[in-house]
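Breakdown of the fold
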Amino acid sequence: MIKRRSFVKYFSVGWLASCFPVVLAACTPSGDKNAAKTSIPEPSDGSAEAKGVKKPAAAKTADGFTPIGTVADLDKAGYLQTAAVAVSRNPANPKQLLAVSPKCTHQGCVVAWQPGAKKYECPCHEAAFGADGKVLKGPAKEALPTYSAKIVGTQVFVKV
Ligand code: FES
């Protein structure tokens, strides 16, 4: 037989546990109720920028090139790199740009440009690639894919 004190203890704990989700829901603001307080006014033109979507710094050109940085940044760091492409100057002809995929062809790690040695090295298994993407040291066997790159004004453009 259940004693009165135990019954009251278990009933109280159960009652508190069943109330918790209700209290939590009551303390959470719902979308519609507070929509007027939190909505950002949209301009009448309905543009994406007005809806909080940032415009890219510069758009893709008609010939498919995308800006990835400035010539000043390229020359300061010795390279420019995004998730999709890495650009450096050709060590044999600094007026020419070389663009490669920074994804190692061995197992997909991201290679890092070594400004002093003017080559890409993979941190995972120490493969090395030239600025043109050619394999200098294994275990990678295939060169990094290459892309077209050019300078227009003060910007570096790549076609990936
Ligand atoms: Fe680059 Fe293995 S993933 S050397």
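Located above this text is the structure these notes cover.
A brief look at the structure comes next. (Residues numbered from 1 in each chain as written. Predicted model: local features only at pLDDT ≥ 70, side-chain atom pairs only at ≥ 80, totals over all residues. Heavy atoms only, no water.)

1. What to know about the overall build of the protein
What the protein contains, in helices and strands, is 3 helices and 10 strands. Taken across its 160 residues, the protein has 21% of its residues classed as buried. Accessible surface for the protein amounts to roughly 11400 Å². Of this, 59% is attributable to carbon and sulfur atoms. (Helix = DSSP H or I, 4+ residues; strand = E, 2+ residues; numbered from the N terminus. Buried < 20%, exposed > 50% of the residue type's maximum accessible area, 1.4 Å probe, protein only. Areas by Shrake-Rupley, 256 points an atom, 1.4 Å probe, with all protein chains shown as cover.)

2. With respect to the pairing of strand β9 (residues 146–152)
Looking at chain direction, strand β4 (residues 93–100) and β9 are connected through 2 bridges and run antiparallel. The partner of V100 across the bridge, within β9, is T146. Direction of pairing for β9 relative to strand β10 (residues 155–159): antiparallel, over a ladder of 5 bridges. For V152, the partnering residue across the bridge sits in β10 and is Q155. Here β9 hands over to β10 after 2 residues, with G153 in that stretch at a positive phi of 65 degrees. (Pairing = 2+ DSSP bridges.)

3. Some words on the pattern of salt bridges
In this structure the tally under the stated criterion is 5 salt bridges. D63 is paired through a salt bridge with K150; the nearest N and O atoms lie 2.8 Å apart. One end of the pair, D63, is in the loop between α2 (35–38) and β1 (66–70); the other, K150, is in strand β9, with 87 residues separating them in the sequence. On the basis of relative accessibility, which here comes to 37%, the residue D63 falls in the partly exposed class. On the accessibility criterion, K150 (28% relative accessible area) is partly exposed. Between K134 and D132 there is a salt bridge, with its nearest N and O atoms 3.9 Å apart. What makes K134 exposed here is its relative accessible area of 55%. (Salt bridge = Lys/Arg side-chain N within 4 Å of Asp/Glu carboxyl O.)

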